Amino acid sequence: MTASQSTSTTDGGALTRAENAIQAGNPKQALDILRPLPPSDAVHLAKGRAFFRSAQYAQAAIELEAASKPFGGHAITALIEEAASLRRRADLLLLIKECRRLSPQDTRLLDAYGTILMHMGRFDEADVAFRESLQRRPNDKNTLNLLVMNLTEQGRFDEALSIMDDLRRQHPEDWKIGCNTAAILNNIGRLEESANVYRETIPLAPYEPALRLNHSIAMLKSGRMAQGWTEHEWRFGVPGHTNLPKDTLLPNISPTLNLQGKRVLVTQEEGLGDTLMYLRYIPALARTGAVVHIWGSSTLADLCRRVEGVAVVQHGGEAPAFDYHCPFISLPRAFSATPDAMGAPVPYLTADPGKASQWKKSLKADRNLRVGLVWAGGARPENTGAQMVDRQRSMPLAALAPLADVEGVTFYSLQKDDAALQCLDFPAPLVDFMPQCLDMDDTAALVSCLDLIISVDTSMVHLAGALGKPVIMMDRFNNCWRWLHEREDSPWYPQMRIVRQTRFREWSDVVTRVKVLLEDAVQAQ
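Residues numbered from 1 in each chain as written. Predicted model: local features only at pLDDT ≥ 70, side-chain atom pairs only at ≥ 80, totals over all residues. Heavy atoms only, no water.

A. Looking closely at the nonpolar core. Among the nonpolar cores identified, the biggest contains 69 residues, and Leu279, Ile282, Leu285, Ile294 and Leu463 are the most heavily contacted of them. Judged by nonpolar contacts, the second largest core, of 66 residues, contains Ala112, Leu161, Leu167 and Ala182. (Core = buried A, V, L, I, M, F, W, Y, C linked by side-chain atoms within 4.5 Å. Buried < 20%, exposed > 50% of the residue type's maximum accessible area, 1.4 Å probe, protein only.)

B. The packing of helix α12 (residues 191–201) against helix α13 (residues 209–221), seen in detail. The N-to-C vectors of α12 and α13 enclose an angle of 150°; their axes lie 10 Å apart at closest approach. Considering the angle they form, α12 stands roughly antiparallel to α13. Taken as a pair, α12 and α13 cross one another with a handedness that is left-handed. Between α12 and α13, the contacting residues are Leu191, Ser194, Tyr198 and Thr201 on the first element and Leu211, Asn214, His215, Ala218 and Lys221 on the second. The residue makeup of the contact of α12 with α13, split by class, is 4 nonpolar, 4 polar and 1 charged. (Axes fitted to C-alpha atoms, helices over the stretch in contact; angles between N-to-C directions. Helix = DSSP H or I, 4+ residues; strand = E, 2+ residues; numbered from the N terminus. Parallel < 35°, antiparallel > 145°, perpendicular 65-115°, else oblique. Left-handed = near helix turned anticlockwise from the far one by under 90°. Contact = heavy atoms within 4.5 Å. Nonpolar A, V, L, I, M, F, W, Y, C, P; charged D, E, K, R; others polar.)

C. Expanded view of the pairing of strand β9 (residues 471–475). The element β9 is largely enclosed, with a buried count of 5 among its 5 residues. Side-chain alternation along β9 places Val471, Met473 and Asp475 on one buried face and Ile472 and Met474 on a second face that is also buried. Examined bridge by bridge, strand β8 (residues 452–456) and β9 share 4 bridges and lie parallel to one another. The residue bridging Ser455 from the neighbouring strand is Met473, located in β9. In this fold, β8 hands off to helix α22 (residues 459–466), which returns the chain to β9; that crossover is right-handed. Pairing between β9 and strand β10 (residues 496–500): 5 bridges, direction parallel. Bridge pairing in β10 links Met473 to Ile498. (Pairing = 2+ DSSP bridges. Right-handed = clockwise from strand over helix to strand, strands pointing away.)

D. Geometry of the layout of surface pockets. Taken as a whole, the second largest pocket spans an internal volume of roughly 210 Å³. Taken together, 16 residues make up the lining of the second largest pocket; nearest its centre are His485, Glu486, Arg487, Arg500 and Gln501. Counting residues per element, the lining of the second largest pocket draws most heavily on β10, at 3 residues. Considered class by class, the residues forming the lining of the second largest pocket number 4 nonpolar, 6 polar and 6 charged. (1 Å grid on protein atoms, 1.4 Å probe; cavity = no way out; pocket = protein on both sides within 12 Å on 5 of 7 lines; lining within 4 Å. Points joined across faces, edges and corners; volume = space filled by probe spheres on them.)

E. Local environment of the environment of Leu117. With respect to the element layout, Leu117 can be found in helix α7 (residues 107–119). C-alpha of Leu117 to C-alpha of Arg89: the two residues are 28 residues apart in sequence and 8.5 Å apart in space.

F. Representation of the sheet that holds strand β6 (residues 409–413). Sheet architecture is open: 6 strands sit in the order β7-β6-β5-β8-β9-β10, paired in parallel fashion. The sheet is open, and its two edges are formed by β7 (430–432) and β10, each paired on a single side. Strand-to-strand, the axes of this sheet are offset by a mean angle of 25°, without reference to chain direction.

G. Representation of helix α10 (residues 157–170). Its 14 residues place the ends of α10 20 Å apart at the C-alpha level, agreeing with the 20 Å of an ideal helix rising 1.5 Å per residue. For α10, the full list of buried residues reads Phe157, Ala160, Leu161, Ile163, Met164 and Leu167. Buried residues of α10 fall within an arc of 160° about the axis and therefore sit on the same side. Structural note: α10 exposes Asp158 and Arg169 on the side pointing more than 90 degrees away from its buried face. Residues of α10 that are buried make contact with α9 (141–153) and α11 (175–187). (Expected span 1.5 Å × (residues − 1). Arc of directions from axis to C-beta.)

H. Expanded view of the packing of helix α4 (residues 57–67) against helix α6 (residues 89–102). The interhelical angle for the contact between α4 and α6, taken along N-to-C directions, is 60°, at an axis separation of 8 Å. Accordingly, the angle class assigned to the pair α4 and α6 is oblique. For α4 against α6, the interelement crossing comes out right-handed. Contacts between α4 and α6 involve Tyr57, Ala58, Ala60, Ala61, Ile62, Leu64 and Glu65 from the first element and Asp91, Leu94, Leu95, Glu98, Cys99 and Leu102 from the second.

I. Region of the structure containing the sheet that holds strand β4 (residues 324–327). One open sheet holds the 4 strands; their spatial order is β3-β2-β1-β4, and the pairing between them is parallel. At either end of the open sheet lies a strand with only one pairing partner, and these are β3 (310–315) and β4. The average undirected angle you get between the axes of adjacent strands in this sheet is 25°. Alignment of strand β1 (residues 263–267) against β4, held across 4 bridges, turns out to be parallel. Looking across to β4, one finds that Thr267 is bridged to Pro327.

J. A look at the environment of Leu220. Inspection of the secondary structure puts Leu220 in helix α13. Judged by relative accessible area, which is 0%, Leu220 ranks as buried. Expressed as a C-alpha distance, the spacing of Leu220 and Pro332, which sit 112 residues apart in the sequence, is 11 Å.

Next up, the structure:
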């Protein structure tokens, strides 16, 4: 080994120790490790991150500038998701201002500044940053894409698509532009146009997982389920999905596949709602003779144990021995060519009889229509994608005030997390038993004793729907694929009625229509 190789190896070990110190929340220790190291891009970046964690923004800016080359991405971009995970986006804005003092002409810093503002919901300010960047670098693809994203976050879809059309004409070989264009069209319900753009774009990058995954979502939203589920398996090429071996992924169920006595590990890959939705396939999987082992979250464990055909429920720990594994969201693909393509009929979940009996006694005196309310999803500000979706699907409880005028109703809050603090904003009495519901099993028992659930698009609609309860779902304008397009009903939950926005982020007309449905439910009681 040469001396330079030895030094490089030593530096690499020090960088690893510094990274561990940063992740452990000890930036001072990280800086002590980094100071003796010779300068390099990696060392400067690590120092910049450590100084950021210590709120020493001037020093962090010096290091990040040293780590940045004149071309390509600026080192500050490495901190965007890190700041989000720490819930320190506002602090990152301060750091970017320090960087801009050192490099006032660097448009990449304007792009980063606008990106953080967009993530924080400060769209007008983000628009100013992106347009200033474009004045200095006209027609920059990256900045134009950021501007488009900011426009779509405001519901300015025509402006966004106009920019994307120009980009497609200028860069016909760039599959990312086609993918983004098709995704916008799909989101706003222009499904045929979206499909056409995908047909033109996929030949440019037929093996690109992100492109094929987005294409699958468009297929599913248009109701092309069997093809869409197959295409959806491309997600395994995108970071953040299963890390179990692909060669043991459950094949499609067919007469020639022998699962008798085989242990199939079913894993939670996405959110709670997805798991609740796809638990419907477990009875069919068990009927193949498979030993079904669910490895999921603790809050769903007790509910899962009562699903027909479940042998073992595990939460936490290490991966157990298995013959095949299957993420919940791959189960529809596995059964797509069988009579169980839609899984078990509703209800396929049951509430705990003992817990439900206790709630039934507690609510016995309430002769009104018992209505559960959920007005917000989980904000998850540490997850940028989830936060941006939640801004569109959630509403303030005050927006539901017109429902309080309906007589003969007792409202029960089914809201969790910070949004539950809004309970006093409702003009009618709002019973809140949620502090007593420690997991989804407790919540299921309460829901089983209610007459109707009115909710935005959260895991609650899946829980109530799977229990067979009537659900009115208040849906956003650019709805999730699973609720299809221009449908007021759902093939997944026969007792669901969908009331969708007709204008982006505008809930007033939705609430007006829900009020009529609620009045009808009182009359029918």
